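# Examining the three-dimensional arrangement
Residue strings, one per chain:
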Amino acid sequence: MNVTQAATPVAAPEMDQLCINTIRTLSIDAVQQAKSGHPGTPMALAPVVYTIWNRVMRFDPQDPIWPNRDRFVLSNGHASMLLWSVLHLTKTQAVDAEYEKLGHQSVSLDDIRRFRQLDSRAPGHPEYHWVSGVETTTGPLGQGVATSVGMAIAQKWLASRYNRPGFNIFDYNIYAIAGDGCLMEGVSSEAASLAGHLGLDNLCWIYDNNQITIEGNTRLAFTEDVATRFIAYGWNVLRIGDANDIERIEHALGVFRKTQGRPTLIILDSHIGYGSPNKQDTSAAHGEPLGDDEIRLCKRNYGWPEEAKFLVPEGVYEHFAAGIGARGERACAEWKELLGAYRAKYPAFATEIDLMQRRELPAGWDRDLPIFPADAKGVAGRDASGKTLNVLARNIPWFLGGSADLGPSTKTLLTFEGAGDLEANNPGGRNIHFGIREHAMAAIINGLSLSKLRAFGSTFMVFSDYARPAMRLSALMELPTIFAFTHEAMGDGEDGPTHQPVEHLASLRAIPGLIVLRPADANEVVEAYRYVMQLRHTPAVLALSRQPLPTLDRKKYAPASGLAQGAYILADAPGANPEVILIASGSEVSLAVEAHEKLLAGGIRSRVVSLPSWEIFDHQPQEYRDKVLPPGITARIMIEQASMFGWERYVGSSGRMIGMKTFGASAPLKELLTKFGFEPGRIVEIAKELLRKP
Ligand SMILES: Cc1ncc(C[n+]2csc(CCOP(=O)(O)OP(=O)(O)O)c2C)c(N)n1
Ligand SMILES: [Mg+2]
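Residues numbered from 1 in each chain as written. Chains lettered and ligands numbered in written order. Predicted model: local features only at pLDDT ≥ 70, side-chain atom pairs only at ≥ 80, totals over all residues. Heavy atoms only, no water.

### Concerning the overall build of the protein chain
Threshold: A run of DSSP states H or I qualifies as a helix once it reaches four residues; a run of E qualifies as a strand once it reaches two. Both are numbered from the N-terminal end. C-alpha atoms define the radius of gyration in this analysis, and the globule rule sets the expected value at 2.2 Å times the number of residues to the power 0.38. Each residue is placed in one exposure class: buried if its accessible area under a 1.4 Å probe, protein chains only, is under 20% of its type's maximum, exposed if it is over 50%, and partly exposed if it falls in between. All accessibility values rest on the Shrake-Rupley procedure with a 1.4 Å probe; residue burial counts only the protein chains present in the view. His is not counted here, nor are the chain ends, while Lys and Arg score as positive and Asp and Glu score as negative. Every charge is mapped to an atom, namely NZ of Lys, CZ of Arg, CG of Asp or CD of Glu.
Along its length, the protein chain carries 24 helices and 23 strands. Relative to a compact globule of 694 residues, whose C-alpha radius of gyration would be 26 Å, the protein chain shows 28 Å and is just as compact. Looking at the protein chain residue by residue over its 694 residues, the buried ones come to 63%. Accessible area of the protein chain: about 25,400 Å², with a carbon and sulfur share of 51%. Each charge class in the protein chain was averaged separately, 69 positive and 78 negative side chains, and the resulting centres sit 4 Å apart.

### Notes on the site of ligand 1
Spelled out, the test is: Here a residue counts as near a molecule or strand whenever at least one of its heavy atoms sits within 4 Å of it. Nitrogen and oxygen atoms within 3.5 Å of one another constitute a polar contact, given that in protein one can donate a hydrogen and the other can accept it, and given that sequence-neighbouring residues count only through two side-chain atoms. Three residue categories are used. Nonpolar comprises Ala, Val, Leu, Ile, Met, Phe, Trp, Tyr, Cys and Pro, charged comprises Asp, Glu, Lys and Arg, and polar comprises the others, including Gly.
Surrounding ligand 1, one finds 15 residues, the nearest of these being Thr41, His78, Gly181, Asn210 and His286. Residue Thr41 places a side-chain N or O atom 2.4 Å away from an oxygen atom belonging to ligand 1. Here a nitrogen atom of ligand 1 and a backbone polar atom of Leu141 are 3.0 Å apart. Calculation on ligand 1 without its partners gives an accessible area of 580 Å², and the protein chains cover 74% of this total. Elements that contribute at least two residues to the shell around ligand 1 include exactly α6 (180-184) and β6 (212-213). Of the residues in the shell around ligand 1, the class split is five nonpolar, eight polar and two charged.

### Some points on the coordination of the magnesium ion (ligand 2)
Using the following cut-off: Note that water is not among the atoms used; donors are N, O and S atoms within 2.8 Å of the metal (3.2 Å for Na, K and Ca), so sites may look incomplete.
Every protein donor of the magnesium ion (ligand 2) is listed here as Asp180 (OD), Asn210 (OD1) and Ile212 (O), and their distances to the metal cover 2.1 Å. On the primary sequence, the residues serving as donors to the magnesium ion (ligand 2) are separated as D-x29-N-x1-I. Placement of the pair is Asp180 in helix α6 and Ile212 in strand β6, with a sequence separation of 32 residues. Both residues of the pair, Asp180 and Ile212, belong to the buried class.

### Side note on unusual backbone geometry
Unusually for a residue other than glycine, Ala576 sits at a positive phi of about 50°. With respect to the element layout, Ala576 can be found in the loop between β19 (568-571) and β20 (580-584). At Arg692, a residue that is not glycine, the phi angle is positive and equals roughly 50°. Positionally, Arg692 belongs in the segment after α24 (680-691).

### As for the sheet that holds strand β5 (residues 203-209)
Our working definition: Note on pairing: two strands pair once DSSP finds at least 2 bridges between them. With axes taken as lines fitted to C-alpha atoms, and helix axes fitted only over the stretch in contact, angles between N-to-C directions fall between 0 and 180 degrees. In what follows, a contact means two residues having at least one pair of non-hydrogen atoms within 4.5 Å.
Strand order in this open sheet of five strands is β1-β4-β5-β9-β8, and the pairing throughout is parallel. Each of the sheet's edge strands pairs with one partner strand only, and the pair in question is β1 (71-74) and β8 (236-240). Each strand of the sheet is rotated relative to its neighbour by a mean of 15°, with strand direction disregarded. In terms of strand pairing, β8 meets strand β9 (residues 264-269) through five bridges, oriented parallel. Each residue of the ladder has a partner; that of Asn236, found in β9, is Thr264. The strands touched by helix α5 (residues 143-162) are β1, β4 (174-178) and β5; relative to β4, the strand with the most contacts, the crossing angle is about 170°. Packed on one face of the sheet, helix α9 (residues 246-258) meets β4, β5, β8 and β9 and runs near 175° to β8.

### Let's talk about the sheet that holds strand β17 (residues 540-544)
The strand order across the open sheet built from seven strands is β12-β13-β11-β14-β15-β17-β16, with neighbouring strands paired in parallel fashion. The strands lining the two open edges of the sheet, one partner per strand, are β12 (421-422) and β16 (515-517). With five bridges joining them, strand β14 (residues 454-460) and strand β15 (residues 482-486) adopt parallel strand pairing. When the sheet's bridge partners are listed, Ser458 is paired in β15 with Ala484. Each of β11 (399-403), β14, β15, β16 and β17 is contacted by helix α18 (residues 522-533), which is oriented at about 170° to β17, the strand it contacts most.

### A look at the packing of helix α13 (residues 381-395) against α18
Each pair of packed helices can be summarised by the angle the axes make with each other and by the distance between the axes. For the record, the criterion: Orientation labels follow simple angle bins: below 35 degrees gives roughly parallel, above 145 gives roughly antiparallel, 65 to 115 gives roughly perpendicular, and whatever is left gives oblique. A clockwise turn of the near helix away from the far one marks a right-handed crossing, whereas an anticlockwise turn of less than a right angle marks a left-handed crossing.
The N-to-C vectors of α13 and α18 enclose an angle of 40°; their axes lie 9 Å apart at closest approach. For the element pair α13 / α18, the angle class is oblique. Helix-helix and strand crossings are classified by hand; for α13 and α18 the assignment is right-handed. Of the residues in α18, those in contact with Gly381, Ala384, Ser385, Thr388, Leu389 and Leu392 of α13 are Ala522, Val525, Val526, Tyr529 and Met533. Split into classes, the residues belonging to the contact of α13 with α18 amount to eight nonpolar, three polar and no charged.

### Section: the confidence of the model for the protein chain
Under the convention used in this document: As a per-residue measure, pLDDT reflects the predictor's confidence and takes values from 0 up to 100.
For the protein chain, per-residue confidence averages 96 on the pLDDT scale, and residues scoring 70 or more make up 98% of the total. Counted against residues more than four places away or in other chains, residues 1-12, with its pLDDT under 50, gives 22 contacts.

### Observations regarding the packing of aromatic side chains
So the rule is basically this: Here is the rule: rings of Phe, Tyr and Trp (six-membered ring for Trp) pair when centre to centre is within 6.5 Å. Planes less than 30 degrees apart are stacked, more than 60 are edge-to-face, and the remainder are tilted.
Scanning all chains against the criterion turns up 25 aromatic pairs. Ring geometry for Tyr162 versus Phe349: centroids 5.4 Å apart, planes at 90°, classification edge-to-face. With Tyr162 in helix α5 and Phe349 in helix α12 (residues 347-357), this residue pair connects regions lying 187 residues apart in the sequence. One exposure class covers both Tyr162 and Phe349, and it is buried. Ring geometry for Phe617 against Tyr650: centres 6.0 Å apart, planes inclined by 50°, an arrangement best described as tilted. Residue Phe617 is located in helix α20 (residues 614-618), and its partner Tyr650 is located in helix α22 (residues 648-651); the two are separated by 33 residues in the primary sequence. As far as burial versus exposure is concerned, Phe617 and Tyr650 are alike and both buried.

### Some thoughts on the state of the cysteines
As used here, a disulfide is simply a covalent bond connecting the sulfur atoms of two cysteines. As a reminder, the rule being used: Two cysteine sulfurs form what is called a disulfide whenever their separation falls within 2.5 Å.
Counted by the stated rule, this structure contains zero disulfides. Free cysteine: Cys19, not disulfide-bonded; nearest cysteine sulfur from Cys298 at 19 Å. According to the relative accessible area criterion, Cys19 is buried, its value standing at 0%.

### Overview of empty space enclosed by the protein
We apply this condition: The rule is simple: put a 1 Å grid over the protein atoms alone, call a set of points where a 1.4 Å probe fits but cannot get out a cavity, call an open set with protein on both sides within 12 Å along at least five of seven lines a pocket, and count a residue as lining if it has an atom within 4 Å of a point. Grid points are joined across faces, edges and corners, and a volume is the space filled by probe spheres set on the points.
Here the structure, examined in full by the defined rule, presents three cavities of 30 Å³ or more. In this structure, the largest cavity occupies an estimated 60 Å³ of space. For the largest cavity, the full set of lining residues is Arg359, Glu360, Leu361, Trp398, Lys452, Leu453, Arg454, Pro480, Leu535 and Arg536. Looking at side-chain class alone, the lining of the largest cavity contains five nonpolar, no polar and five charged residues. In this structure, the second largest cavity spans a volume of roughly 40 Å³. Every residue lining the second largest cavity is listed: Ile153, Lys156, Leu198, Leu200, Leu422, Glu423, Ala424 and Pro427. Considered class by class, the residues forming the lining of the second largest cavity number six nonpolar, no polar and two charged.

### Description of helix α23 (residues 669-676)
For clarity, the threshold we go by: Here the arc refers to the set of directions running from the helix axis out to each C-beta atom.
Among the residues making up α23, those that are buried are Leu669, Leu672, Leu673 and Phe676. All buried residues of α23 fall inside an arc of 100° around its axis, so they share one side. Turned more than 90 degrees from where α23 packs its buried face, Lys670, Glu671 and Lys675 sit exposed. Residue Gly677 follows α23 closely and has a positive phi angle near 85°.

### So, the side chain of Arg454
The criterion, for reference: Note on definitions: salt bridges are taken to be side-chain nitrogens of Lys or Arg within 4 Å of carboxyl oxygens of Asp or Glu.
Mapped onto the secondary structure, Arg454 falls in strand β14. Buried within the structure, Arg454 lacks any salt-bridge partner; Glu360 is the closest side chain of opposite charge, at an N-O distance of 11 Å. At a separation of 2.7 Å, a polar atom in the side chain of Arg454 contacts the main-chain carbonyl oxygen of Met533. Not counting residues within four places of it along the chain, the set of residues in contact with Arg454 comprises Leu361, Trp398, Phe399, Leu400, Pro480, Ile482, Val532, Met533 and Leu535.

Structure below.
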């Protein structure tokens, strides 16, 4: 039976309770209808979500991308029905990728009825980009809270650069809800440690301490003292013993807002499946529909009409409109007025804010980018990157980043006048010291990017594995994040197999929507950054060499700007009529060029294709791709110091590959190149074999 339009329940509890129970029952009904989902946690957390949204948060449902809004992150993303319920009940409006309002609700009641179904704006987990009002994609536990640290760093950074006396342009807070799973995951520990170090007092995590996860009670695997851990991190820790006590919750949130110099953790003791006589406090309430009989019992407990489904009682929408709706609208309007006055007084800063919000770049962003002269000795990819990053960061005030304690080696330190270190007492610094926390680094970069800052992170390529789950979310969220990974092959020779990435390029190339670029020389590094900086909705990895790579003579060979096509003909056979094609990326391009010269001298018509990016090349028109790699020429050799996985697509079944099948070895690079066959002579030999020439 469908009684959405039913009148207010007879024994109407007070309005707060009615709203809370609306969130609970929408969640229960949606999960039941979908025959899948997670009802228990929304039932338990409806009061805290209600309190944050309707009593505390400054968020304007009419303008969900207002830059100074408070952020709400549901890190336990499986409880997504909490978010769909509040987005619906607050009538939050939909906005498109171009930041235009679409004139309809972000989440309709129909979407909720179609929870977890194709095209519904109420998917299984919160999806940034898909549903307006979702601040970050969550579901992989721990990511949301880690990302929220990036959001908090961003707020402090924005405040530091743009706020002026009488103009608090950025003074928002970040609220994140986390479950046991989020706090068990390592990434949240990394992020919490850094948040404590940076004294992020704009950040409040609410820990749903229900002592239940999927396998049962947390006694099974999680008996640490979370409060003591967070106190040790330097957080303020509050505790609420009853998740239904909204006055206490509101009070604790007030304490958070008054706390200075440290983040706040509110430990909220809750009962998963609250109100369910047979499932409350059991893992059975976590991840499956309650079933019709149990739902009736729950509704009876809530004083709800037992047969009603997807019921939004009279007065509920109005109560949200009078709470968050009115408060948010007022705050947003006041802010827009403030920004108007600010614009008159600080026009240049206001322009920056405008540009940043639309992910655009300031005029002259690429001025003074270096041009490297031909040089056989060459420049290391990481050095060219460092020079380029410094120019870009000087030109783009809101471009910032850092590395996981490898800055001196990855050359990502910003050294120009005024760049500064981002620290608790200098929140406007441009160098972020993430510490040896690659996973949190990537999640924090996501948080910075979600806050519209342009952010980069860096470590050795081999440790990209430690950052990968958050990078995957970067791609899923279509964020223009930048990962500068150095020591991208065997250049780290003596450090040996633990430091020599092999499968990393292949595994990063496998992430949909992530652009991977492995530049061949210093000028390709510059072009790679030029390309990447212009991306507005795409993350990118730059794979950079540790060792110097010859700077190719661009008068003799094709210009590095060809990189923007993903692959280009660097050196060609006479008459553009090759019989063999050498395809390479990064450090192997110059080997291919050497081999090419030898082949030409021996009367063999070869072509060298520099292929720094599969993803970009694959997006070129067929005609261009066929020009670079003519289908008729099947004698092809690929050379890359990495797993060959996937290269067949360019090499074909008649071609050959020189790549890595093992984890490398510990030795000087020169010896490794000989051992593993990365030598021009070998390329020449294989070319002759392929062409059956002596
Ligand atoms: C990284 C990661 N590992 C595993 C899962 C699968 N998973 C989803 S919810 C859950 C249990 C979470 O327990 P808790 O955070 O306490 O949530 P509660 O059931 O209390 O809401 C697990 C293991 C996941 N979503 N993400
Ligand atoms: Mg739990």
